[in-house]
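# Understanding the architecture of this molecule
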Amino acid sequence: YRFELPDAKASSPAFPTRLSQTGLFSDLESLTPQPGLLPYDVAWPFWSDGADKQRWLALPKTGSVEFRADEPWSFPVGTVAVKHFELALDDEDPASRRRLETRVMVHEARGWAGYTYRWNEAQTDAELLTAPTHETVPVRREGRAEQQRWDDPAGSDCMRCHNAATGGLLGLETRQLARGGSQGVLGRWSEAGLFTGALPELGSLPSHPQPSDSEASLEDRARAY
């Protein structure tokens, strides 16, 4: 027996090494997503060292999401989830935000895979990371100059949290998206036909309370966090 080189024609195409090559955004300068990339937000976004985040989801044309009220949802092969990170270099100046990284989760035939694109100094594009790395970002917090460390995950690092126990995606689940009724994310996506079958009554679905919701119990708020 011996190893043989695979047929080059049968090899999978190389994964895009720049964010601009992915086709996810029609305009990188304004970070305008393609029409098929649907924006969403979650009830309880976890703390990310002060960074602001944006999120999008894209499904294959013939795919739909299998909804579960109390368990992770099931997504079709070809699903893409995107999360973008920006950090304000001066907490008193919202316009000082700098793009740090854009993470992409892809549901491939073998399962979920994570990819991280790190933005260049010119803020014109982002390069695919092949190994975890970090950078030091000069910031001003409450008028004081500081050096903030930012860690960029890559490859298997993403799968530490985006694993089989969580269904691959963390924020895309009922308790994070059930707020807002028919006007919320679940209502809009159900109306657009993203789910297999009709959803339960939206008002009956469990939802994470907000930290400032004094009508929710302290235990519920703590567990949501």
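Our structure is the block above this text.
This report concerns the structure included in the present document. (Residues numbered from 1 in each chain as written. Predicted model: local features only at pLDDT ≥ 70, side-chain atom pairs only at ≥ 80, totals over all residues. Heavy atoms only, no water.)

Below, the discussion takes up the pattern of salt bridges. In this structure the tally under the stated criterion is 19 salt bridges. Between Arg-144 and Glu-142 there is a salt bridge, with its nearest N and O atoms 3.8 Å apart. Here Arg-144 falls in the partly exposed class, since its relative accessible area comes to 47%. Between Glu-146 and Arg-144 there is a salt bridge, with the nearest N and O atoms lying 3.8 Å from each other. With a relative accessible area of 31%, Glu-146 lands in the partly exposed category. Through salt bridges with shared partners, one network takes in Arg-98, Arg-118, Glu-121, Glu-135 and Asp-152. (Salt bridge = Lys/Arg side-chain N within 4 Å of Asp/Glu carboxyl O. Buried < 20%, exposed > 50% of the residue type's maximum accessible area, 1.4 Å probe, protein only.)

In this section: the packing of aromatic side chains. On inspection of all chains with the given rule, the structure shows ten aromatic pairs. When the ring of Trp-44 is compared with that of Tyr-225, the centres are 5.6 Å apart and the planes differ by 75°; the resulting orientation is edge-to-face. Pair noted here: Trp-44 is in the loop between β3 (38–40) and β4 (52–58) and Tyr-225 is in the segment after α3 (218–224), with a separation of 181 residues, a long-range link. Given the relative accessible area of 14%, Trp-44 is considered buried. Ring centres of Trp-73 and Phe-195 lie 5.4 Å apart, and the angle between their planes is 85°; on these two criteria the pair is classed as edge-to-face. Of the two residues, Trp-73 sits in the loop between β4 and β5 (80–88) while Phe-195 sits in the loop between α2 (185–191) and α3, which places them 122 residues apart along the sequence. On the accessibility criterion, Trp-73 (4% relative accessible area) is buried. According to the relative accessible area criterion, Phe-195 is buried, its value standing at 8%. (Phe/Tyr/Trp six-rings, centres within 6.5 Å; stacked < 30°, edge-to-face > 60°. Helix = DSSP H or I, 4+ residues; strand = E, 2+ residues; numbered from the N terminus.)

The space that makes up the largest pocket amounts to roughly 870 Å³. For the lining of the largest pocket, the secondary-structure elements that each account for two or more residues are β5, β6 (97–108), β10 (144–152) and α1 (174–177). Looking at which element gives the most residues to the lining of the largest pocket, the answer is β5, with four residues. Partitioned by chemical class, the residues of the lining of the largest pocket number 21 nonpolar, six polar and twelve charged. (1 Å grid on protein atoms, 1.4 Å probe; cavity = no way out; pocket = protein on both sides within 12 Å on 5 of 7 lines; lining within 4 Å. Points joined across faces, edges and corners; volume = space filled by probe spheres on them. Nonpolar A, V, L, I, M, F, W, Y, C, P; charged D, E, K, R; others polar.)

Here the focus is the nonpolar core. Note that soluble globular proteins tend to have their nonpolar side chains buried in a common cluster. One finds Leu-172, Leu-177, Leu-186 and Trp-189 to be the most contacted residues of the largest nonpolar core, which totals 23 residues. Considering each element in turn, this core owes the most residues, three residues, to α2. The next biggest cluster of nonpolar side chains, apart from the first, holds 17 residues, and it includes Leu-24, Phe-25, Leu-37 and Val-106. (Core = buried A, V, L, I, M, F, W, Y, C linked by side-chain atoms within 4.5 Å.)

If you trace the six strands from one edge of the open sheet to the other, you get β3-β4-β5-β6-β7-β8, paired in antiparallel fashion. The open sheet has two edge strands, β3 and β8 (126–128), and neither has a second partner. Between one strand and the next, the sheet's axes are offset by a mean angle of 25°, whatever the strand orientation. The sheet contact formed by β3 and β4 spans three bridges and is antiparallel. Looking across to β4, one finds that Pro-39 is bridged to Trp-56. (Pairing = 2+ DSSP bridges. Axes fitted to C-alpha atoms, helices over the stretch in contact; angles between N-to-C directions.)

Turning next to unusual backbone geometry. Non-glycine residue Gln-123 carries a positive phi angle of around 65°. Tracing the backbone through its elements, the reader meets Gln-123 in the loop between β7 (111–119) and β8. On the accessibility criterion, Gln-123 (23% relative accessible area) is partly exposed. Phi is positive for Glu-142, close to 55°, though the residue is something other than glycine. Relative to the elements of secondary structure, Glu-142 occurs in the loop between β9 (133–141) and β10.

Let's shift gears to the state of the cysteines. As enumerated under the stated definition, the model contains zero disulfides in all. Free of any disulfide, Cys-161 has its nearest cysteine sulfur in Cys-158, 9.1 Å distant. (Disulfide = S-S within 2.5 Å.)

Taken across its nine residues, β7 has eight buried, putting it largely inside the fold. As judged from the eight bridges shared by β6 and β7, these two strands associate in the antiparallel manner. Of the residues in β7, the one forming a bridge with Glu-108 is Gly-111. Between β6 and the antiparallel strand that follows it, β7, lie two residues. Pairing geometry for β7 and β8, over three bridges, is antiparallel. From the neighbouring strand, Arg-118 faces β8, where its bridge partner is Glu-127. Taking the residues between adjacent antiparallel strands as the criterion, β7 and β8 are bridged by six residues, where Gln-123 takes a positive phi near 65°.

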